[in-house]
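# Reading the structure
Listed below are the residues making up each chain.
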Amino acid sequence: MPEYQALRDNPWFASLPAALADAVLASGRLQRLAHGEVLFRQGDAPGDWHAVCSGAIRASSTAADGTESILAVLEPGNWFGEISLLDGGPRVHDATAVGATTVLAVPAEAFARFMQDTTFATALARLMAGRLRTLFGIVEDATLRPTRARLARRLALLARGDATLATEPRRQLPVSQEALAMMLGLTRQTLSKELGELAKAGAVKLGYRSIAIVDAALLDRLGE
């Protein structure tokens, strides 16, 4: 089905044996969300395991005063929601549709059956290890690196699809400055200043609601 093409193109899902991948897709149902519609909220009870087929899902956390922090923007091909299914705890973040979005929802019972398959369980462990490695990097950036280096490294991560962890970076990043500021915990003014410096250095080019990577190698050096 064309709705599943982004899932099949995802590096992690494409690494699964064909029969196992087909079984995972066959076990789920498509769910369509309007822009801004909430799939689940932080603290909700465990539910389905999800994958983004089209559109995007904003994974975020909201403080008591209403301040939102964006943890990641999950693009087509990305799977999410497995943490609660593995430990039985509540959802760890909000999941909100960005634009018209279609997700595949795999029931918890089906996910539990797949976890009995050593090949699937090993693959999921590999996926989560990659995400944990990325998370450690983000925490390290927040505590040890200056703002410009943090920004450069997050842009480099976004160039690989944020949670997708693609090996080849893309040039155009469909992310607004507002969303980027929320990811990094920066004010719009600070972000605008630092983006301007990266643009002046020749690493990026700024456009309307988009950022283009001009020199990926330079961006990597600026993040060191």
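Residues numbered from 1 in each chain as written. Predicted model: local features only at pLDDT ≥ 70, side-chain atom pairs only at ≥ 80, totals over all residues. Heavy atoms only, no water.

### Thoughts on the sheet that holds strand E10 (residues 204-207)
Spatially, 3 strands are ordered E9-E11-E10 in an open sheet, and the strand pairing comes out antiparallel. In this open sheet, the two edge strands, each paired with only one partner strand, are strand E9 (172-173) and E10. Summarising the sheet, E10 and strand E11 (residues 210-213) pair through 4 bridges and their orientation is antiparallel. Counterpart to glycine 207 in the pairing with E11 is serine 210. (Pairing = 2+ DSSP bridges. Helix = DSSP H or I, 4+ residues; strand = E, 2+ residues; numbered from the N terminus.)

### Focus: the pattern of salt bridges
All chains considered together, the criterion is met by 6 salt bridges. Its salt-bridge partner being glutamate 194, residue arginine 148 comes within 2.5 Å of it at the nearest N-O pair. Of this pair, arginine 148 sits in helix H7 (residues 147-158) while glutamate 194 sits in helix H9 (residues 188-201), placing them 46 residues apart in sequence. Residue classification places arginine 148 among the partly exposed residues on the basis of a relative accessible area of 33%. (Salt bridge = Lys/Arg side-chain N within 4 Å of Asp/Glu carboxyl O. Buried < 20%, exposed > 50% of the residue type's maximum accessible area, 1.4 Å probe, protein only.)

### A word on a nonpolar patch on the surface
On the surface, Leu132, Leu135, Phe136 and Val139 cluster together into a nonpolar patch covering about 380 Å² of accessible area. By the element assignment, phenylalanine 136 lies in helix H6 (residues 118-144). The class of phenylalanine 136 is exposed, set by a relative accessible area of 55%. (Patch = residues over 30% accessible without salt bridge, like charges linked within 9 Å, V, L, I, M, F, W, Y side chains within 5 Å. Areas by Shrake-Rupley, 256 points an atom, 1.4 Å probe, with all protein chains shown as cover.)

### Structural notes on the environment of aspartate 48
Looking at where aspartate 48 falls in the secondary structure, it is placed in the loop between strand E2 (38-40) and strand E3 (49-54). Judged by its relative accessible area of 16%, aspartate 48 falls in the buried class. Separated by 39 residues in sequence, aspartate 48 and aspartate 87 have C-alpha atoms that sit 14 Å apart. Aside from chain neighbours lying at most four places away, what touches aspartate 48 is Arg29, Gly81, Leu85, Arg91, Ala105, Val106, Pro107 and Ala108. (Contact = heavy atoms within 4.5 Å.)

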